[in-house]
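Structure assessment
Here is what each chain is made of, one letter per residue.
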Amino acid sequence: MIGRANRSADEPPVKWLTAAELDSWLSVVRLLTWLPWSIDQQLQRDSKLRMVEYQVLAMLSTSPGRTMRMSSLAEITNASLSRLSHLVKRLEGRRLVRREPDPTDGRFTNAILTEKGFQTIVGAAPRHVAHVRSLVIDVLSPEQLRRLGRDADRIVSRIDTSGIN
């Protein structure tokens, strides 16, 4: 029987998915697989940006002084500090972002959006928003969109993010 070999005697029995639950779950899996891929493809084609790069630039563009601590940026973008550091290094190489010690606490490093980075995100945003709108926003009624957001928040609240950074 599936799952029996690795279970201890004191574990409760597995509550397997019903056919309807499995169909819904597989729809969510397809969404989680194909939506980021489609968004990433559009951004690369139109702006030479990966989705996570766009996210970093967008977060910086809306921050006071277009500046954020690397640790805060890592948390918001769901990236480890190591991964974010490599990504920001690539963005620095393209002169879209620069790093400096935090003037209020030198133990931290700030990521700062350059003028070229700001112009890049300003140029990328219209097509990106149009693509997101065509894939998600415009195919749902306002009520469906509200429910989707609420349901997504409910699911995200169950995810333990304590081990990310």
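Scroll up to find the structure this text is about.
Residues numbered from 1 in each chain as written. Predicted model: local features only at pLDDT ≥ 70, side-chain atom pairs only at ≥ 80, totals over all residues. Heavy atoms only, no water.

Turning to helix α3 (residues 70-77), its buried residues number three or more, namely Met 70, Leu 73, Ala 74 and Thr 77. Angularly, the buried residues of α3 cover 105° about the axis, an arc narrow enough to put them on a single face. Where α3 is buried, its residues contact α2 (51-61), β1 (67-69), α4 (81-93), β2 (97-101) and β3 (109-113). (Buried < 20%, exposed > 50% of the residue type's maximum accessible area, 1.4 Å probe, protein only. Helix = DSSP H or I, 4+ residues; strand = E, 2+ residues; numbered from the N terminus. Arc of directions from axis to C-beta. Contact = heavy atoms within 4.5 Å.)

Here the focus is the sheet that holds β2. Taken in spatial order, the three strands of this open sheet run β1-β3-β2, and their pairing is antiparallel. Looking at the sheet topology across the chains shown, the edges are occupied by β1 and β2. Here the average twist between neighbouring strands, direction ignored, is 30°. By the bridge criterion, five bridges tie β2 to β3 in an arrangement that is antiparallel. Across the sheet, Arg 98 pairs through a bridge with Ile 112, a residue of β3. The strands touched by α2 within the sheet are β1, β2 and β3, with β3 carrying the most contacts at an inclination of about 90°. (Pairing = 2+ DSSP bridges. Axes fitted to C-alpha atoms, helices over the stretch in contact; angles between N-to-C directions.)

Our next topic: the packing of helix α1 (residues 19-47) against helix α5 (residues 115-135). Orientation of α1 relative to α5, taken along the N-to-C sense of each, is 150°, at an axis distance of 10 Å. The orientation of α1 with respect to α5, classified from their angle, is roughly antiparallel. Judged by the sense of rotation from one axis to the other, the crossing of α1 with α5 is right-handed. Counting all contacts with α1, which are made through Leu 35, Ser 38, Ile 39, Gln 42, Leu 43, Asp 46 and Ser 47, the residues of α5 involved are Ala 124, Arg 127, His 128, His 131, Val 132 and Leu 135. Among the residues forming the contact of α1 with α5, the class breakdown is six nonpolar, five polar and two charged. (Parallel < 35°, antiparallel > 145°, perpendicular 65-115°, else oblique. Left-handed = near helix turned anticlockwise from the far one by under 90°. Nonpolar A, V, L, I, M, F, W, Y, C, P; charged D, E, K, R; others polar.)

The next thing to look at is the side chain of Thr 77. Looking at the secondary structure, you find Thr 77 in helix α3. Looking at Thr 77, the relative accessible area reads 6%, which means it is buried. A polar atom in the side chain of Thr 77 sits 2.7 Å from the backbone oxygen of Leu 73. Look past the residues within four positions of Thr 77 in its chain and what remains in contact with it is Gln 55, Val 56 and Leu 84. (Polar contact = N/O pair within 3.5 Å; in protein donor to acceptor, adjacent residues only side chain to side chain.)

So, on to the pattern of salt bridges. Tallied over the full model, the rule gives 15 salt bridges. Notably, a salt bridge pairs Glu 100 with Arg 98, separated by 2.9 Å at the nearest N-O pair. In this structure Glu 100 comes out as partly exposed when scored by relative accessible area, which is 34%. The network of salt bridges with common partners includes Arg 45, Asp 46 and Arg 127. (Salt bridge = Lys/Arg side-chain N within 4 Å of Asp/Glu carboxyl O.)

This next bit is on the environment of Asp 40. Tracing the sequence through the fold places Asp 40 in helix α1. Owing to a relative accessible area of 9%, Asp 40 belongs among the buried residues under this scheme. Setting aside chain neighbours within four positions, we find Asp 40 in contact with Leu 49, Arg 50 and Met 51.

All right, on to the packing of aromatic side chains then. Enumeration over the complete set of coordinates arrives at one aromatic pair. Summarising the aromatic geometry, the rings of Trp 34 and Trp 37 are spaced 5.4 Å apart at their centres and angled 80° between planes, so their arrangement reads as edge-to-face. Note that Trp 34 and Trp 37 are positioned in helix α1 at a spacing of three residues, about one turn of the helix. Over the ring of Phe 118 we find Arg 66, and its NZ or CZ is 3.5 Å from the ring centre. One residue, Arg 69, lies across the ring of Phe 108, its end atom 3.8 Å from the ring centre. (Phe/Tyr/Trp six-rings, centres within 6.5 Å; stacked < 30°, edge-to-face > 60°. Lys NZ or Arg CZ within 6 Å of the ring centre and 35° of its normal.)

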